[in-house]
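Analysis of the macromolecular model
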Amino acid sequence: MSGQTRCHYDVLGIERDADAAIIKKAHRKLALRHHPDKTFSLNEQQREESATEFKLIQAAYECLGDPVERKWYDEHRDMILRGGTHGSDGADGESSFLYDVTPYHFSGCYDSYDDNNPDSFYSVYAECFECIYNGEKDGFLSEGNIDLNDMFNAHLSEVSFGNSKSKWEDVSAFYSSWEAFSSCLSFAWVDIYHLNDIREAPSRRIRRLMEDDNRKKRKAAKKERVEEICALVRFVRKRDPRVRAQREKQLRDQAKKEAKGKKDAEERKKNREIAKQEWRMQQELALAEQEATDLDAGKIRLADLDSDDDYDYGGKGKGRKKKKGKRRGKNNKRNDFDSEDIDEVDAPVDVTDTSAAEVENDDTDALEVDEEGNDSTPISDDVDVDDSGSNQPDNDVDEDNDVEYDSMSSEEESESEEEPDSWRCECCRKDFKSAAQFENHAKSKKHKEKWKQYEKKLQKEAKKKAVEDLMDEIA
């Protein structure tokens, strides 16, 4: 170790009972005064002295700024200032197997982080941890043990402190092993009662009490030793440049990972939006195509409809009922005559088309026949004259036509006379069983409101139809 040991409180120029705010203020003031960037105007010797003072200021603030380290420093301040015992037998009867690590809790025990410097950070603490392990090994062998493999902390010899070029895996293994330190020494030198005292005990009960007191003393001493070594490991780890570099690297990697995750999330969100827009466009195109197809199909269907077709194409009206009565069609059993016969029967007979001259000629012909005596029977409308000259009545044909005409007229009269079973209000989508109910509904306030809405809807449809017809004409 190099340099003279100075108290941290004296370095910062504060009292021992100063709080955290005072410590921080004093450190800032002295750091600005002795910072290397502020001493470029001084000579070389003064700059070196200022740099050394700046290191002491930083070390004092690191120790006093941490409540745990400050507590430990206050408890061992006098021993640190004296320089420690370094493994020699102290006044308290400590064993030489316990290497004194108290001076190494002070940042002034090393000069720099240069590997070539014998007083560097790596050289000083590598020697310190090696001495600690050697003390454990010597104590274990002095207690009568032969095989070092039976020493439960023998794995400490497999890890080394290393230097600035050591890999992080080796550094991490070193700190992991020493942070779980546990002494293998028996701490028999702290016994209150020696073996002779125990043997000379007046009773068995007193002997057991003496053994319990010794056991408690050993346990307390071992616990204190373990805490002392673990505190040293935490102290060194906090100031190790390799640990700081690894922590900074982890922070950078974490920042990059978070940035990448954020970027990926934004990219996924953007892709979802693009996919959503594409899907929406496809749906709109498909809907437009479907509407055009339905519109064309509707036009063709309406064009093919017959004006005489009384089928209900209303759509949603579930309450509509078909009109009762006989209907002409293929399913009817009236196959006694053809459609031409129906046209002839349906066509009205115009009696006025026969001229008076034809009537007179018929009369004269009848008179001539009577005078000659060839035929005494007058020619009537009910008699047909064949080419052979024979007169045969056409009673069968007339009777069939009369029957068919009468049946058709009766069917038409029955259809016209039949009343509907229900009355339907299209704007309200309701059915009524009687005309009176329908009239009462037509006078209601709800029906009038629905009727206004229905009229507006019909107007819109008419305008839309007109625009479509106009576009068809233009096309």
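Further up the page is the structure itself.
Here goes a summary of the coordinates provided. (Residues numbered from 1 in each chain as written. Predicted model: local features only at pLDDT ≥ 70, side-chain atom pairs only at ≥ 80, totals over all residues. Heavy atoms only, no water.)

1. A short note on the overall build of the protein chain
Summing up its helical and strand segments, the protein chain has 15 helices and 4 strands in all. In the protein chain, which comprises 475 residues, the share counted as buried stands at 23%. In the protein chain, of all internal contacts separated by at least 6 residues, the share reaching a separation of at least 24 is 60%. Accessible surface computed for the protein chain: about 35,200 Å², of which carbon and sulfur atoms make up 49%. (Helix = DSSP H or I, 4+ residues; strand = E, 2+ residues; numbered from the N terminus. Buried < 20%, exposed > 50% of the residue type's maximum accessible area, 1.4 Å probe, protein only. Contact = heavy atoms within 4.5 Å. Areas by Shrake-Rupley, 256 points an atom, 1.4 Å probe, with all protein chains shown as cover.)

2. A look at the environment of Ser112
Mapped onto the fold, Ser112 is located in the loop between helix H5 (77-82) and helix H6 (121-142). Between the alpha carbons of Ser112 and Lys55 there is a distance of 9.8 Å; along the sequence they are 57 residues apart. With sequence-adjacent residues up to four places away left out, Ser112 is seen in contact with Asn117, Asp119, Ser120 and Phe121. There is a polar contact of 3.5 Å between the side chain of Ser112 and the backbone nitrogen of Asp114. (Polar contact = N/O pair within 3.5 Å; in protein donor to acceptor, adjacent residues only side chain to side chain.)

3. Things to note about the state of the cysteines
Taken as a whole, this structure holds 0 disulfides when the rule is applied. With no disulfide of its own, Cys7 lies 9.4 Å from the sulfur of Cys63, the closest cysteine sulfur. Among the residues examined, Cys7 registers a relative accessible area of 3% and is labelled buried. (Disulfide = S-S within 2.5 Å.)

4. Re the packing of helix H3 (residues 44-64) against helix H4 (residues 67-75)
Packing of H3 against H4 leaves a shortest axis separation of 6 Å and a crossing angle of 100°. In this view, H3 runs roughly perpendicular relative to H4, as classed from their interaxial angle. Here Glu62, Cys63 and Leu64 of H3 lie close against H4, whose contacting residues are Glu69, Arg70 and Tyr73. For the contact of H3 with H4, the class distribution of residues is 3 nonpolar, no polar and 3 charged. (Axes fitted to C-alpha atoms, helices over the stretch in contact; angles between N-to-C directions. Parallel < 35°, antiparallel > 145°, perpendicular 65-115°, else oblique. Nonpolar A, V, L, I, M, F, W, Y, C, P; charged D, E, K, R; others polar.)

5. Re the pattern of salt bridges
Under the criterion given, the structure shown has 15 salt bridges. Here Glu53 makes a salt bridge to Arg6, at a shortest N to O gap of 3.1 Å. Residue Glu53 is found in helix H3, and its partner Arg6 is found in the segment before helix H1 (8-12); the two are separated by 47 residues along the sequence. You can call Glu53 buried: its relative accessible area is 18%. Salt-bridge contacts for Arg244 lead to Glu62; the nearest nitrogen and oxygen are separated by 3.7 Å. Placement of the pair is Arg244 in helix H10 (residues 241-304) and Glu62 in helix H3, with a sequence separation of 182 residues. Its relative accessible area of 34% is what places Arg244 among the partly exposed residues. (Salt bridge = Lys/Arg side-chain N within 4 Å of Asp/Glu carboxyl O.)

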